[in-house]
There are 6 protein chains.
Amino acid sequence: MSLSRILIEPVVREALLEDLGRAGDITTDAIIPAGTRMSAAIVARKAGRLAGIDVAALAFELLDPAVGIDVLRTDGADVAAGETVLTVDGTARAILSAERTALNFLCRLSGIATATRTLVEIVHGTGVAIACTRKTTPNLRVLEKYAVRAGGGKNHRFGLDDAVLIKDNHIAAAGGVRVAIERARAGVGHLVKIEIEVDDLAQLREVLETGGVDAVLLDNMSPAQLREAVGMAKGRLVLEASGSLTPEKLREIAETGIDVASSGWITHSAPALDFGLDFRS
Amino acid sequence: MSLSRILIEPVVREALLEDLGRAGDITTDAIIPAGTRMSAAIVARKAGRLAGIDVAALAFELLDPAVGIDVLRTDGADVAAGETVLTVDGTARAILSAERTALNFLCRLSGIATATRTLVEIVHGTGVAIACTRKTTPNLRVLEKYAVRAGGGKNHRFGLDDAVLIKDNHIAAAGGVRVAIERARAGVGHLVKIEIEVDDLAQLREVLETGGVDAVLLDNMSPAQLREAVGMAKGRLVLEASGSLTPEKLREIAETGIDVASSGWITHSAPALDFGLDFRS
Amino acid sequence: MSLSRILIEPVVREALLEDLGRAGDITTDAIIPAGTRMSAAIVARKAGRLAGIDVAALAFELLDPAVGIDVLRTDGADVAAGETVLTVDGTARAILSAERTALNFLCRLSGIATATRTLVEIVHGTGVAIACTRKTTPNLRVLEKYAVRAGGGKNHRFGLDDAVLIKDNHIAAAGGVRVAIERARAGVGHLVKIEIEVDDLAQLREVLETGGVDAVLLDNMSPAQLREAVGMAKGRLVLEASGSLTPEKLREIAETGIDVASSGWITHSAPALDFGLDFRS
Amino acid sequence: MSLSRILIEPVVREALLEDLGRAGDITTDAIIPAGTRMSAAIVARKAGRLAGIDVAALAFELLDPAVGIDVLRTDGADVAAGETVLTVDGTARAILSAERTALNFLCRLSGIATATRTLVEIVHGTGVAIACTRKTTPNLRVLEKYAVRAGGGKNHRFGLDDAVLIKDNHIAAAGGVRVAIERARAGVGHLVKIEIEVDDLAQLREVLETGGVDAVLLDNMSPAQLREAVGMAKGRLVLEASGSLTPEKLREIAETGIDVASSGWITHSAPALDFGLDFRS
Amino acid sequence: MSLSRILIEPVVREALLEDLGRAGDITTDAIIPAGTRMSAAIVARKAGRLAGIDVAALAFELLDPAVGIDVLRTDGADVAAGETVLTVDGTARAILSAERTALNFLCRLSGIATATRTLVEIVHGTGVAIACTRKTTPNLRVLEKYAVRAGGGKNHRFGLDDAVLIKDNHIAAAGGVRVAIERARAGVGHLVKIEIEVDDLAQLREVLETGGVDAVLLDNMSPAQLREAVGMAKGRLVLEASGSLTPEKLREIAETGIDVASSGWITHSAPALDFGLDFRS
Amino acid sequence: MSLSRILIEPVVREALLEDLGRAGDITTDAIIPAGTRMSAAIVARKAGRLAGIDVAALAFELLDPAVGIDVLRTDGADVAAGETVLTVDGTARAILSAERTALNFLCRLSGIATATRTLVEIVHGTGVAIACTRKTTPNLRVLEKYAVRAGGGKNHRFGLDDAVLIKDNHIAAAGGVRVAIERARAGVGHLVKIEIEVDDLAQLREVLETGGVDAVLLDNMSPAQLREAVGMAKGRLVLEASGSLTPEKLREIAETGIDVASSGWITHSAPALDFGLDFRS
């Protein structure tokens, strides 16, 4: 797994500049002579799923293009506590100045991948996909959606423009499910999918009768309702369940026959996975 | 509390554009007529400490400068579950298209403020300040440090350039505590503070003998060690304790007489505080 | 029809600065006193379909926020030669300096809308949609895709990331149609459509047997082949015909029963529609 | 012929990012393994004048700095249908993801060069130069003016700031030709040329009497009028004819003795020249 | 005199953000309550020529759009020591935070205008124009060239692209004056002027024989040589003298009959003109 | 001495683009063939302190990454008139096009370093540090503060956010010295220093009684007052003198026992140090 460098370089460069500020790393510049070289390793402090190793590597490269980097584990790998995932050799100044930025990316993205993996494991064997939402950190969506994939999850919409998602207010403003769907269908091209959020099974019935929809978001429904929805839909469209899901509840929901369970928690509240930089010699 | 608009507008604008993508909100544009007006409220789903209300308001304003916004609670306030913190009136398109961006900022920043407040309450009465670290989300540091202040915490360095923090590697590269401090002192102006991280009390002693330092970071020390450090320092410099702190451990540490306890957790792993947008009429 | 200002302002601002260069409009600044006011009208020199009127208006507003603009015809309207589509009152300097930028946008976008309308009229009554491609002017895709919609056309993918389009090389690299489709299906979420390009009907058969595809791009096929493809597909997926289409050929193709005909010509080679700025008083 | 890389890299990078969007080339990333290598050639589908070959090459390089590129024909060359102009070897992902962006630049710029060459050939032997205008695509002026030069044409002003062009409205606002010229002359330095647009020969006479002007734009004049203008000017200043010029009319005008004929059509309405990317083994 | 806001806002905004850094004006934010209002005046501490008053005003406006500003003297005016040039009323925070940025622009630009005025006065009555060079502060050229105009000077080239200036190395690389001029003439359009630098009168003779040149730069010539050059040129092209000019030498040179004297000193070494912000009530 | 490339590349790139404009170096492109190579040297025309040599080198590298550069003297060195500080070999076009930008940086920064060195020499032996202010050129502060260090000076605040500086207006708005200091102390973290400006010794006494302050700015005080201030402060905080300082006055002030003397002149009015580019063979 990896992301094209042209997509991630701007955000990594901006993060380095955020940390360097106007005057740069005044501690390192004052104490460490320019020519000093150093060898270091990024080590997992806890076990989890890796995501962002190339992003971390890029932080060092942007400060010292001549740095030598050895990526030992790639994104999507499960790492053990104490495991080295990357080694870096180069000027001490570049390594010390990039350290925090590299780790901030790696810890956050691996935290998301690890949280996603946890949910994926809960639904293991049911055929249900775990999907993320748009509840991501502002201006880091590309990286966080990537981390979800590294955790074994699937991506929902990347934004407001790549798929239609009709919600309550759209239905209310349109004056009903049918009109809302028709307007959406007329407004977009043949390569845009349409999903609609429904609150109850009566709305689901209306959606099924109207047609022209690719997926339905069943918000906060009970396992019993979800099971009934599966029976009604008969595989004609994708069924997605959402809502605050505890582990036990998630497994029960996954066994109802729905296709996708989506979670905002994996991006907005996943705790960071701890990594550190250990220096050698 | 508030942040200057010139500082936050670029990040909010970038976040809106991240969500709008190339084609904009295709669902809303297809279904909601341009002239439709709407009234809505941001409501806390859980109790916590508010941060980011002006950022959320700005998201709506950037999509519709004529929007009417009423900020009911300001940053730093404690809000109850169900409490309305902001109302917005304007074009339905602008409100619906800005909704997720506004909430993403508000939930994350209030999550940080709430986590900070929790730690601040634990140390209540000890005189110890809770400080953040540089373990922040890439490119959101200004906002996250602000949220820490909204939670009652204090800010540590904003970056590598506004204070000196001498760590193991700097000491090792310099060949000792004394040389490292002297190089740092010689390298910066009279308005830059110098902090040094020490691993044991012998190092602390060397620091005290050398002088020229404003603060010491005591990493992962036991309450007993911290107490001894307090006795050694005799108020001549600021003592900061850091390390993974459980609530019980934090209280015990705070009672040792140190000045500052710093936590990465309040920024890198604080769960989001849940807010939603409720539509009216 | 309209585009959100937050999406178009950066490109209009950049275009004004491209024309103003370093020193600004040296002719106007030297000759016209700062306070001079002017009234002018944008007039169609030829008949066609309007697109970009808000973009043109924004060019004037960005140079003089106090300018008075009256938009007489909105995007998507058919205008006659000699028809006034917008009037503007304000400082003469702002109007003269923004004139060329405003017209450059309007002429290009209306040219695309007009070309699209021509194709839409040719297929009138067949139920076929005219779609654009990614053969757009670099860095103007959002505006050009919008102009296609103003011309009555539909948008194909906005980029490489909002839908899957499997081509020859993907099939060859994967080792066959089935593997390519399976990899694509596994790689994307449930809100991403998949289209595949086929060269002959044997490939189409393989696609139909494999399933999991939303649309097929039939490249450079004869009407007879297209008709046969329609019979094979039986409405199970969207059929899109592409290739250099003359008007006669387009009508014949549209009558085969396919769903979409896509054209690069409407964006990469549509001649500009001529508009001018007439000054009054 | 070539353009400095520092000038074109930003626009090519922006165009790649426009196409890659947030998630990148999801088709290629899902189907083509990261290590797969590929060899391909850009081939002219029609005969014409080449422009933009370095721009196309840069698109590939920006996605894969290690790509091997062989530029077989340089800008300004006349290419035959079927002729290979560039070969590229590198990672299949980079080549496939950059393909459309590379071709979009090359087809547009070569279209402009080809259109320019057509006009240049029409005036062959008359000594008349074909010049472009400011009727260029927003934010692509540098590249389009370069393509005009590749087609054998000359550049008119690059913007509002590098030469003075006095038009009707300037004359009207100033209260006459003489005042307008005097204000312009007083307002600019000794390295800025002044051109003035005249509607009839009486105005030309006034210009000649006033002096201080380097060139005159004779708008929409008949060959007879132009011939008379040539007689009046006696080589004391540059005479430029403009207006919608058909090929026959252009030749006739070129034979009147004027110096420059300018055309907006070569930039605003030139059809793209077709190029394709052919893959090899 | 004034500059279009669209040209100067980016540089003023960038300068404010440079001063505000990440955390903003921490002194003012801590001490001055948000609602406090203030009245202040920008006062000249020394006499000189004013330039940049609108730039200074914009600094305040960007921090507080509701600020009330009264511009008492406009650019190009001669101000006395102690004279108030601008008053500002608004939030104390905005005024205090923008103060330094506003003054930094005003002092520098007025310093340049004042230095220019000094040279202009020295050559008074000779008809010689004082021109600037490209020896300007990086990224402030537009503003500094504007300040030269405010000082009564004229602008030389704004960059490498708006006029040709042939120097020694160009002549050497071309193999002679004639070839260099011919290549330049062939390479640019009819609205670009050509100047050539000559070291001695023999070269000037060659230039005059070749023709096709608009101006000649006579570098470091004595008054006697300049006088001879004037005799040779007979008004057929513009003669510009350059070189480090003391006041006495400048007057003597101006009296030789040349047209333009250019000075790098007025931009690269002009001392700032002192202004301060005085607070009232 | 050196600055991290990631910090200076954006400003150097922007400066090159400012000079290249839209069309690039039209003189060089027209006259010098693309393949021509050249060798040149940057030579000091006057003696002074060097600053910005890496910035100058970067200007050449950004136009031709293959250029060969030999830096003969590093920043902070004292150079003699006629001394070569850098040689460059590469394409003639790159060298000629970057020449002015490279020199503009070098002359300005070396001018600042030289001015700083002059003041440093005046106070030699007194133990007083020469510090800069925030009176820097807009958007060049990082480079100018670096040049001050190259001249042997120390940096004052980099902006409004890295240290507290309490001035008259803050004291007035707070209602007194004590309140102002208390608010500042409460508003910032433990790594931020606080300085306060005082007008007389009574204020200094109040500051000393209040405590909690790291430094005091003594504005425009006489040597006698300064001496008294030194006696009052007894080394408990840093004493900084400021005000327009002539050389004689500066020495006298430095001998009073204060710690720091700050000067705006070294950044806002230092004359450029002259360097030229000499071509070889």
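Student: Outline the pairing of strand β1 (residues 37-44) of chain B, listing residues and values.
Tutor: All names here are of chain B. Most of β1 is tucked away, with 7 of its 8 residues classed as buried. Where β1 and strand β5 (residues 84-91) come together, 7 bridges link them in antiparallel fashion. Opposite methionine 38, over in β5, you have glycine 90 as the bridge partner. Of the pairings in the sheet, the one linking β1 to strand β12 (residues 275-280) comprises 6 bridges and is antiparallel in character. Bridge pairing links serine 39 to arginine 280 in β12.

Student: Give a detailed account of the relation of the copies chain B and chain A, specifying residues and quantitative values.
Tutor: The two copies are related by a screw operation: chain B maps onto chain A through 180 degrees of rotation and 0.0 Å of translation along the axis, at an RMSD of 0.0 Å. What the rotation and shift describe, once combined, is the action of a two-fold rotation axis. Taken as a fraction of all interface residues of chain B, those also at the interface in chain A reach 100%, which identifies the copy contact as same-surface.

Student: Provide a residue-level description of the relation of the copies chain A and chain E, including the pertinent values.
Tutor: Of the two same-sequence chains, chain A is brought onto chain E (RMSD 0.0 Å, axial shift 0.0 Å) by a rotation of 180 degrees. A share of 100% of the interface residues of chain A reappears at the interface of chain E, consistent with the copies meeting face to face through the same patch.

Student: Describe the domain arrangement of chain A, listing the residues and the values that go with them.
Tutor: All names here are of chain A. Each domain of chain A was delimited in the assignment, giving domain 1 (5-112 + 271-280) and domain 2 (121-268). Relative to domain 2, the C-alpha centre of domain 1 lies at a distance of 36 Å. Each side of the interface is counted separately: domain 1 has 13 residues, and domain 2 has 13 residues. With both sides pooled, the region where domain 1 packs onto domain 2 buries about 1,000 Å², and carbon together with sulfur makes up 71% of that total. Applying the counting rule to domain 1 against domain 2 returns 1 salt bridge.

Student: So, the sheet that holds strand β8 (residues 194-198) of chain A: which residues are in play, and what are the values?
Tutor: Residues and elements named next belong to chain A. If you walk across this open sheet you meet the 6 strands as β6-β11-β10-β9-β8-β7, and the pairing is parallel. Each edge of the sheet is formed by a strand with only one pairing partner; in this case those strands are β6 (129-131) and β7 (164-166). Adjacent strand axes in the sheet meet at a mean angle of 25 degrees, parallel and antiparallel pairs treated alike. Strand contacts of helix α8 (residues 201-210): β8 and β9 (215-219), with the helix running at about 155 degrees to β8, the strand carrying the most contacts.

Calculation criteria
Each chain carries its own residue numbering, running from 1 in the direction its sequence is written. The lettering of chains begins at A and the numbering of ligands begins at 1, in the order of writing. The predicted nature of this model means local features are confined to residues of pLDDT at least 70 and side-chain atom pairs, given and counted, to a pLDDT of 80 or more, with totals for whole chains, interfaces and linings taken over all residues. Hydrogens and waters are ignored; side-chain quantities use all the structure's heavy atoms. Each residue gets one of three labels from its accessible area relative to the maximum for its type: buried under 20%, exposed over 50%, partly exposed in between, using a 1.4 Å probe on protein chains only. By definition, any uninterrupted DSSP run of H or I lasting at least four residues is a helix, any uninterrupted run of E lasting at least two residues is a strand, and each is numbered from the N terminus. Two strands are said to pair when DSSP picks up at least two bridges between them. We place the copies in one frame by least squares, fitting the C-alpha atoms of every residue whose pLDDT is at least 70 in both. Any pair of residues with heavy atoms lying within 4.5 Å of one another is described as a contacting pair. Those domain boundaries reflect an automatic or database domain assignment. A simple way to read buried area is as the amount of 1.4 Å-probe accessible surface that goes missing from two parts once joined, with both sides added. Here, a salt bridge means any Lys or Arg side-chain nitrogen found within 4 Å of an Asp or Glu carboxyl oxygen. Comment: axis = line fitted to C-alpha atoms, over the contacting stretch for helices; angle = value between 0 and 180 degrees taken between N-to-C directions.

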